[in-house]
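Residues per chain, in single letters:
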Amino acid sequence: METIGPETGDPVSAAVPVGGQRRRLALTGVRGSVAKGRDFTRQALRDWGWDGTETAEDTLLLVSELLTNASLHAGGCHELVLSGGEALRIEVYDGTTTLPYPHPAPQRGLPGGHGLHIVERLSDRWGALAHERGKAVWAEIDAARLVSGRPTGR
């Protein structure tokens, strides 16, 4: 696992959990959290051998959508966590317990209301979990899809 401090951006080593790898990026009070989260994710994908495919690009869009939603609708991002194993799990932590829901019918051609539809379309699974200090919105992409760049049978 690698933890990046928001003040310095320097990596701090930590133990890797059994069965996969985990990286955390603290984002509380960080300006440009979406760009920092994309860069952090891009490096993790590269390190884990999951870069260079269309699915890797979709992953960066997923991270952007999740971080943007937290910034716009949940008072900001607190942390981005990436876990690699049989799937890549992307978790974005924020400070509200209000669970997200896709707008029933976002208007074509108008901004807003499309984010969770994009998350649903690009991920293999997604959801949200509330906890005492806020919530985590997560999305998963199967590792086989990240390696091949092709969709898995969902």
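Everything in this summary refers to the structure shown in the same document. (Residues numbered from 1 in each chain as written. Predicted model: local features only at pLDDT ≥ 70, side-chain atom pairs only at ≥ 80, totals over all residues. Heavy atoms only, no water.)

**A look at the overall build of the chain**
Where we set the bar: Secondary structure elements follow DSSP: runs of H or I of four or more residues count as helices, runs of E of two or more count as strands, with numbering from the N terminus. Exposure classes here rest on a 1.4 Å probe applied to the protein chains alone. A residue is buried below 20% of its type maximum, exposed above 50%, and partly exposed in between. Residue contacts follow a heavy-atom distance rule, with two residues in contact if any of their heavy atoms lie within 4.5 Å. Under the convention used here, a 1.4 Å probe and the Shrake-Rupley method define accessible areas, while residue burial counts only the protein chains that appear.
Check the secondary structure of the chain and you find four helices and seven strands. The secondary structure elements of the chain, listed N-terminal to C-terminal, are β-β-β-α-α-β-β-α-β-β-α. Per-residue burial for the chain yields a buried fraction of 42% across its 154 residues. Partitioning the contacts of the chain with sequence separation of at least 6, the portion at a separation of at least 24 is 56%. Surface accessibility of the chain: about 8,500 Å² in total, with carbon and sulfur atoms responsible for 53%.

**Details of the nonpolar core**
We apply this condition: In these notes, a set of buried Ala, Val, Leu, Ile, Met, Phe, Trp, Tyr and Cys residues joined through side-chain atoms within 4.5 Å is what counts as a nonpolar core.
Grouped together as the largest cluster of nonpolar side chains are 29 residues, with contacts concentrated most on Leu80, Leu82, Leu88 and Ile90. Contributing elements (two or more residues each) for this core: helix H1 (33-47), helix H2 (54-73), strand S4 (77-84), strand S5 (87-94), helix H3 (115-122), strand S7 (134-142) and helix H4 (143-148). In terms of residues, this core owes the most to one element, H2, which gives seven residues. If near-sequence neighbours (up to four positions away) are discounted, Leu80 is found in contact with Arg23, Arg24, Leu25, Leu27, Gly37, Phe40, Thr41, Val63, Ile90, Glu91 and Val92.

**Observations concerning the packing of H1 against H2**
Where we set the bar: Axes here refer to lines fitted to C-alpha atoms; in helices the fit is confined to the stretch in contact. Angles between the N-to-C directions go from 0 to 180 degrees. Any angle that falls under 35 degrees is termed roughly parallel, while one over 145 is termed roughly antiparallel, one within 65 to 115 roughly perpendicular, and all others oblique. By convention the crossing between two helices is left-handed if the near helix lies anticlockwise of the far one by an angle smaller than a right angle, and right-handed if it lies clockwise. Only Asp, Glu, Lys and Arg are considered charged, only Ala, Val, Leu, Ile, Met, Phe, Trp, Tyr, Cys and Pro nonpolar, and every remaining residue, Gly among them, polar.
Remark: H1 packs on H2, axes separated minimally by 9 Å, with the N-to-C direction vectors making an angle of 150 degrees. Here H2 runs roughly antiparallel to H1, going by the angle between their axes. Where H1 crosses over H2, the handedness of that crossing is right-handed. In this structure, H1 contributes Ser33, Val34, Gly37, Arg38, Thr41, Arg42 and Leu45 to the contact, and H2 contributes Ala56, Thr59, Leu60, Leu61, Val63, Ser64, Leu67, Thr68 and Ser71. Class assignment for the residues of the contact of H1 with H2 results in seven nonpolar, seven polar and two charged.

**Some details on the packing of H2 against H3**
Where H2 contacts H3, the axes come no closer than 9 Å and their chain directions differ by 150 degrees. Classed by the angle they form, the pair H2 and H3 counts as roughly antiparallel. Crossing geometry of H2 relative to H3 is assigned as left-handed. The residues of H3 that touch H2, namely those facing Asp58, Leu61, Leu62, Glu65, Leu66 and Asn69, are Gly115, Leu116, Ile118, Val119 and Leu122.

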